[in-house]
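# Structure at a glance
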Amino acid sequence: LTNLVKEDQEWKWRIGIQNIKRNMGIIGGFDLGQGLQQPASVLGLSFPGAAFFVQGGKSPFIRSRHLEEIMRLFPNFTLQTIRNAGHWVHSEDPET
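Residues numbered from 1 in each chain as written. Predicted model: local features only at pLDDT ≥ 70, side-chain atom pairs only at ≥ 80, totals over all residues. Heavy atoms only, no water.

In terms of nonpolar packing, the biggest core is built from 7 residues, these being Ala 40, Ala 51, Phe 53, Ile 62, Ile 70, Leu 73 and Phe 74. Every element with two or more residues in this core is listed here: β3 (51–56) and α3 (67–73). (Core = buried A, V, L, I, M, F, W, Y, C linked by side-chain atoms within 4.5 Å. Buried < 20%, exposed > 50% of the residue type's maximum accessible area, 1.4 Å probe, protein only. Helix = DSSP H or I, 4+ residues; strand = E, 2+ residues; numbered from the N terminus.)

See below:
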């Protein structure tokens, strides 16, 4: 809940939730090439900013075979593994 802030007796999202909502198709399709002729990495598209990935050590969603593609899409990425968690890291290992 670190992205919620209270302003003038009202809870608001700290992140630009409306921007995310408005651009969900682009965000969600970035690595899949949705609406593109080819996947984003094949077209040479990438996000040059810092990208932080958190993975559960027991989750099958990020594997070593994915790292090459992640590097192409997010050249400035950091990956942190929470060893004793599955996909729902925040609830499976909240102490970490």
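Using the criterion set out here, one finds 3 aromatic pairs in the structure. Grouped by ring-pair contacts, the aromatic residues Phe 47, Phe 53, Phe 74 and Phe 77 constitute a single cluster. (Phe/Tyr/Trp six-rings, centres within 6.5 Å; stacked < 30°, edge-to-face > 60°.)

Two side chains carrying opposite charge are able to pair once their charged atoms lie near each other. Applying the stated criterion to the full structure yields 3 salt bridges. The salt bridge involving Glu 7 is made with Lys 12; its shortest N-O contact spans 3.6 Å. Residue classification places Glu 7 among the partly exposed residues on the basis of a relative accessible area of 38%. The residue Glu 68 makes a salt bridge to Arg 72 at a minimum N-O spacing of 3.0 Å. (Salt bridge = Lys/Arg side-chain N within 4 Å of Asp/Glu carboxyl O.)

Time to look at the environment of His 87. You can see His 87 is positioned in the loop between β4 (77–82) and α4 (89–92). Of the residues examined, His 87 reaches a relative accessible area of 41% and is grouped as partly exposed. Through-space distance from the C-alpha of His 87 to that of Gln 55 is 7.0 Å; in sequence the pair is 32 residues apart.

Moving on: the pairing of β3. In the sheet, β3 pairs with β4 via 6 bridges, with the strands oriented parallel. Paired with Val 54 across the strands is Gln 80, a residue of β4. Between β3 and its parallel partner β4, the chain crosses via α3, and the hand of that crossover is right-handed. (Pairing = 2+ DSSP bridges. Right-handed = clockwise from strand over helix to strand, strands pointing away.)

On to unusual backbone geometry. A positive phi angle, near 50°, is found at Asp 8, a position not held by glycine. Residue position: Asp 8 is located in the loop between β1 (4–7) and β2 (10–13). At Gln 9, a residue that is not glycine, the phi angle is positive and equals roughly 65°. Following the sequence through the fold, Gln 9 ends up in the loop between β1 and β2. The class of Gln 9 is exposed, set by a relative accessible area of 73%.

Let us now look at the side chain of Gln 55. Following the sequence through the fold, Gln 55 ends up in strand β3. A polar contact of 2.6 Å, which involves the side chain of Gln 55, links it to the side chain of Thr 81. With near-sequence residues (within four places) excluded, Gln 55 lies in contact with Ile 62, Leu 79, Gln 80, Thr 81, Ile 82 and Val 89. (Polar contact = N/O pair within 3.5 Å; in protein donor to acceptor, adjacent residues only side chain to side chain. Contact = heavy atoms within 4.5 Å.)

Keep in mind these numbers describe shape, not what the thing actually does.
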